[in-house]
Amino acid sequence: MKNLAKFYFSLGCLILVPIIGGVVFAPLLTPYSPQAFDFSALGSPQPPSFLHPLGTDIYGRDILSRLLYGGRVSLAVALVAVSISVSLGTFLGSMSALLGKAFDFLFMRFVDAMLSFPIIFLLLAVQSILKRPEIIYTMVIIGLTSWMGIARIVRTQTLSIKNSNYVQVSKMFGANNLWILKKHVLPNVLNIVLVASVLGMSNAIMTESALSFLGLGVQPPYASWGNMLGEAQDYFFEYPYLLIFPGMCITLTILGFNFIGEALRLYMNPKER
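The sections below set out a description of the structure shown in this document. (Residues numbered from 1 in each chain as written. Predicted model: local features only at pLDDT ≥ 70, side-chain atom pairs only at ≥ 80, totals over all residues. Heavy atoms only, no water.)

1. So, the packing of helix H7 (residues 148-162) against helix H9 (residues 177-213)
Going by this rule: Think of each axis as a best-fit line through the C-alpha atoms, taken over the contacting stretch in the case of a helix, with angles from 0 to 180 degrees between the N-to-C directions. Counting from the N terminus, the helices are the DSSP runs of H or I reaching at least four residues and the strands are the DSSP runs of E reaching at least two. Helix crossings fall into two classes, left-handed where the near helix is turned counterclockwise from the far one by less than a right angle and right-handed where it is turned clockwise. Note on contacts: a residue pair is in contact if any heavy atoms of the two residues lie within 4.5 Å. Three categories are distinguished: nonpolar for Ala, Val, Leu, Ile, Met, Phe, Trp, Tyr, Cys and Pro, charged for Asp, Glu, Lys and Arg, and polar for the others, with Gly belonging to the last.
At a minimum axis separation of 10 Å, H7 and H9 run at an interaxial angle of 145°. Here H7 runs over H9; the crossing is right-handed. Contacts between H7 and H9 pair Ile 150, Ile 153, Val 154, Gln 157, Thr 158 and Ile 161 from the former with His 184, Val 185, Asn 188, Val 189, Ile 192, Val 193 and Ala 196 from the latter. By residue class, the composition of the contact of H7 with H9 is nine nonpolar, four polar and no charged.

And the structure:
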């Protein structure tokens, strides 16, 4: 299992390092602004060439520049959303287990109710109500609608920690729930949270791409991989590369995070080892 974990981790890094490196160093790698229009090429995208290695879109904008800068937006949205969901899910899941059966029962019924709604429709409803599909709202909404799975995992782990001898001794000496959470629960669920965070990046990127594709996520003039797909959907048969390049970025990034998440799961899980 350890060799398999190393293989998955190496494969994930092989995919993600060039993508993240290109996104981070985008200003050094792209001679064009992602919002720079070429009015002489409006409505007639140019195929890949020496001046534009990946071609231009229907507005004459350089696709390589938009992919790299769009990757910055997509990854930033995913990172903030995962930070919100992991923090909220870890805290609520652990406190649900620590506060007793009554609170735990009510909280789990609330989680079940949240999970019964298709998340994409919930996101669409919230975005439609806000009527301000800005980047920060996309980050927060994705984070606030994706914490339930982490909360259930952390709750299960906290229940086993709660019944351990060292926690019972801590309670005998007057330790409160926040102290137990800080000293005993968080150190023991850190590996689970780390794996969930990496895998959550994949889900967040996919969700952001779906929202932006539908016009409810990142809005022009900002580029993201999702809204690049949305802008090019009517030109697939004429200019297929307009969809292929952002689609490949989304697919490879999700695949890379999944490989690394699986590697961490195999490496940190004693049963797997």
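2. Observations regarding the packing of H9 against helix H10 (residues 225-232)
It is at 7 Å that the axes of H9 and H10 come closest, and there the two elements cross at 35°. Taken as a pair, H9 and H10 cross one another with a handedness that is right-handed. Residues Ser 209, Ser 212 and Phe 213 of H9 form the contact with H10, whose participating residues are Gly 226, Asn 227, Leu 229 and Gly 230. Grouping the amino acids of the contact of H9 with H10 by side-chain chemistry returns two nonpolar, five polar and no charged.

3. So, the nonpolar core
In plain terms, the rule: Throughout, nonpolar core names a set of buried Ala, Val, Leu, Ile, Met, Phe, Trp, Tyr and Cys residues whose side chains join them through atoms within 4.5 Å. Only protein chains enter the area calculation, which uses a 1.4 Å probe; residues under 20% of their type maximum are buried, those over 50% are exposed, and those in between are partly exposed.
Counting 55 residues, the largest nonpolar core has Ile 63, Leu 67, Ile 142, Val 185, Trp 225, Leu 242 and Phe 257 as its most contacted members. Listed by contribution, the elements that provide at least two residues to this core are helix H1 (2-24), helix H3 (63-98), helix H6 (135-144), H7, H9, H10 and helix H11 (241-268). Ranked by residue count, the leading element in this core is H9, at twelve residues. Non-local contacts of Trp 225, meaning those with residues more than four positions away in its chain, are made with Ile 19, Leu 67, Gly 70, Gly 71, Ser 74, Pro 246, Cys 249, Ile 250 and Thr 253. Grouped together as the second largest cluster of nonpolar side chains are seven residues, Phe 107, Val 111, Met 114 and Met 148 included.

4. Brief notes about the environment of Phe 9
Looking at where Phe 9 falls in the secondary structure, it is placed in helix H1. With relative accessibility at 39%, the residue Phe 9 sits in the partly exposed group. Taking the C-alpha atoms as reference points, Phe 9 and Tyr 235, 226 residues apart in sequence, are found 37 Å from one another.

5. Quick word on empty space enclosed by the protein
To keep things clear, this is the line we draw: Lining residues are defined by having an atom within 4 Å of a point belonging to a cavity or pocket. Those points lie on a 1 Å grid over the protein atoms alone, cavities being sets where a 1.4 Å probe fits but cannot get out and pockets being open sets with protein on both sides within 12 Å along at least five of seven lines. Grid points are joined across faces, edges and corners, and a volume is the space filled by probe spheres set on the points.
Taken as a whole and judged by the stated rule, the model has one cavity of 30 Å³ or more. In this model, the largest cavity occupies a volume close to 90 Å³. Lining the largest cavity we find Asp 57, Ile 58, Ile 63, Arg 66, Met 228, Glu 231, Ala 232 and Leu 242. At the level of secondary structure, the elements contributing two or more residues to the lining of the largest cavity comprise H3 and H10. For the lining of the largest cavity, the element with the highest residue contribution is H10, accounting for three residues. Across the lining of the largest cavity, the residue classes tally to five nonpolar, no polar and three charged.

6. Points about the side chain of Thr 253
Relative to the helices and strands, Thr 253 is located in helix H11. Judged by relative accessible area, Thr 253 falls into the buried class, the value being 1%. Setting aside residues up to four positions removed in sequence, Thr 253 forms contacts with Leu 16, Ile 19, Leu 75, Ile 205 and Trp 225.

7. Quick word on H1
Keep this limit in mind: The span one expects for a helix is its residue count, reduced by one, times 1.5 Å. Note on bend: the value at a residue is the angle between axes fitted to the seven residues ending there and to the seven starting there.
Here H1 is 23 residues long and its end C-alpha atoms lie 31 Å apart, about the 33 Å a rise of 1.5 Å per residue gives. Bending of H1 peaks at approximately 30° at the position of Leu 16, with proline Pro 18 no more than four residues after it. Taken as a whole, H1 has its buried residues at Ala 5, Gly 12, Ile 15, Leu 16, Ile 19, Gly 22 and Val 23. In this structure, the buried side of H1 is in contact with helix H2 (26-29), H3, H10 and H11.

8. Focus: the layout of surface pockets
There is about 670 Å³ of room inside the largest pocket. Sorting the residues of the lining of the largest pocket by element identifies H3, helix H5 (119-130), H7, H9 and H11 as the ones contributing at least two each. The residue inventory of the lining of the largest pocket, partitioned by class, reads 17 nonpolar, eleven polar and two charged. Counted as a void, the second largest pocket has a volume near 210 Å³. Taken together, 13 residues make up the lining of the second largest pocket; nearest its centre are Ile 19, Leu 67, Leu 68, Phe 245 and Cys 249.

9. A look at a nonpolar patch on the surface
Put simply, the test is: A patch consists of residues whose relative accessible area exceeds 30% and which take part in no salt bridge; residues with like charges are grouped when within 9 Å of each other, and nonpolar side chains (Val, Leu, Ile, Met, Phe, Trp, Tyr) when within 5 Å. Accessible surface area values rest on a Shrake-Rupley calculation with a 1.4 Å probe, where residue burial reflects the displayed protein chains alone. Any carboxyl oxygen of Asp or Glu that lies within 4 Å of a side-chain nitrogen of Lys or Arg is treated as forming a salt bridge with it.
A surface patch of nonpolar side chains, amounting to about 600 Å² of accessible area, comprises Phe 236, Phe 237, Ile 244, Met 248, Leu 252 and Leu 255. You can see Leu 252 is positioned in helix H11.

10. Details of the pattern of salt bridges
If you walk through the whole model with that rule in mind, you get eight salt bridges. In this structure, Arg 61 and Glu 231 form a salt bridge, with 3.0 Å as the shortest nitrogen-oxygen distance. Taken together, the positions of Arg 61 in the loop between H2 and H3 and Glu 231 in helix H10 put the pair 170 residues apart, joining distant regions of the chain. The class for Glu 231 is partly exposed, based on a relative accessible area of 24%. The network of salt bridges with shared partners includes Asp 57, Arg 61, Arg 66 and Glu 231.

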